[in-house]
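Structure at a glance
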Amino acid sequence: MEDIGTVHQQYLTEERLEARRGFWQPGPEGDPATAALDAIVASGAHDVLELGCGTGAFAARLRAAGPIRVLASDQSERMVAVTRQRGVEARVLDATDLPMPDDSYDAVAALWMLYHVADRPRALSEVRRVLRPDGVFVAITIGSDHLADLRVEAGGAPVQPGFSSENGEEQLRAHFSEVVRSDFRTRAVFDDRAAALTYLDTGHDDVRWELPEFDTPREYAGHVTMFVCRD
Ligand SMILES: C[S@@+](CC[C@H](N)C(=O)[O-])C[C@H]1O[C@@H](n2cnc3c(N)ncnc32)[C@H](O)[C@@H]1O
């Protein structure tokens, strides 16, 4: 589990998140965030809460997708400010302590964020509580093989997220009776060694990354899983 202080520090500003995002391209199964958007729109949701919204890109897409009222939220004040600049309603909230009454939302989204939450059972209980009985919860996370080739080549080890493609379903089944998963192969493309090191340095790994020089673009495989959950 990640240290809470580290999470605060990592997301104090948006630069690391933006730097990481720029390297990714969808694979044959398409873009996972678009799949999450489609799942929420197809559910007919009107009131949507996003947890850990980061810079608000997904919330802005949701708002543009139809007559949907979106509240984006993040533990980082800066992320909330950046999201508001997109014209999206946003609040500083901790996913483990939601101030909303029961049955407030038709859909809740948590994309690439649950692995940062130390008390995940509490966050998932909160999601279940604020969701209406016929509501949908959409979570996205990564697998332990995500970028594993690059991490090992650079002297590190594969990631071991506390909420992952491998262990996420079991955690969700403690709170939802229906959990449907979809897996996406994604691709990170680095033009040269410096770009790959820039990416690796956006994390808070306790590793001194080392990579041999390369100056023609290299592609490394990612693995993303979307879980769509209902009661
Ligand atoms: C990897 S970023 C993902 C951001 C966004 N969902 C995206 O897909 O670009 C994780 C985000 O979750 C937020 N976060 C981490 N722990 C949180 C918590 N307990 N409650 C709310 N937000 C949290 C971080 O501040 C950060 O903005």
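As the structure is a computational prediction, the values presented were derived from the model and not from experiment.

Close to the ligand lie 20 residues, the nearest being Gly52, Asp74, Gln75, Ala95 and Leu111. One of the backbone N or O atoms of Gly52 is found 2.7 Å from a nitrogen atom in the ligand. Residue Leu111 places a main-chain N or O atom 2.8 Å away from a nitrogen atom belonging to the ligand. Burial of the ligand by the protein chains amounts to 93% of its free accessible area of 600 Å². Here the shell around the ligand is built from residues that sort into 11 nonpolar, 5 polar and 4 charged.

Right, let's talk about the packing of aromatic side chains for a bit. Scanning the entire structure with this criterion turns up 7 aromatic pairs. Between the aromatic rings of Phe23 and Phe190, the centroid separation amounts to 4.9 Å while the plane-to-plane angle is 45°, which identifies the pairing as tilted. Here Phe190 lies in strand β7 (residues 178–190) and Phe23 lies in the loop between α2 (15–21) and β1 (24–26), a separation of 167 residues in the sequence. One exposure class covers both Phe23 and Phe190, and it is buried. With a centroid separation of 6.2 Å and 75° between ring planes, the pair formed by Trp24 and Tyr199 is classed as edge-to-face. Pair noted here: Trp24 is in strand β1 and Tyr199 is in helix α9 (residues 193–201), with a separation of 175 residues, a long-range link. Classification of Trp24 by relative accessible area gives partly exposed; the value is 23%. Within the aromatic cluster, the residues linked to one another by ring pairs are Phe23, Trp24, Phe190, Tyr199 and Tyr220.

Parameters at a glance
- Residues numbered from 1 in each chain as written.
- Predicted model: local features only at pLDDT ≥ 70, side-chain atom pairs only at ≥ 80, totals over all residues.
- Heavy atoms only, no water.
- Near = heavy atom within 4 Å.
- Polar contact = N/O pair within 3.5 Å; in protein donor to acceptor, adjacent residues only side chain to side chain.
- Areas by Shrake-Rupley, 256 points an atom, 1.4 Å probe, with all protein chains shown as cover.
- Nonpolar A, V, L, I, M, F, W, Y, C, P; charged D, E, K, R; others polar.
- Phe/Tyr/Trp six-rings, centres within 6.5 Å; stacked < 30°, edge-to-face > 60°.
- Helix = DSSP H or I, 4+ residues; strand = E, 2+ residues; numbered from the N terminus.
- Buried < 20%, exposed > 50% of the residue type's maximum accessible area, 1.4 Å probe, protein only.

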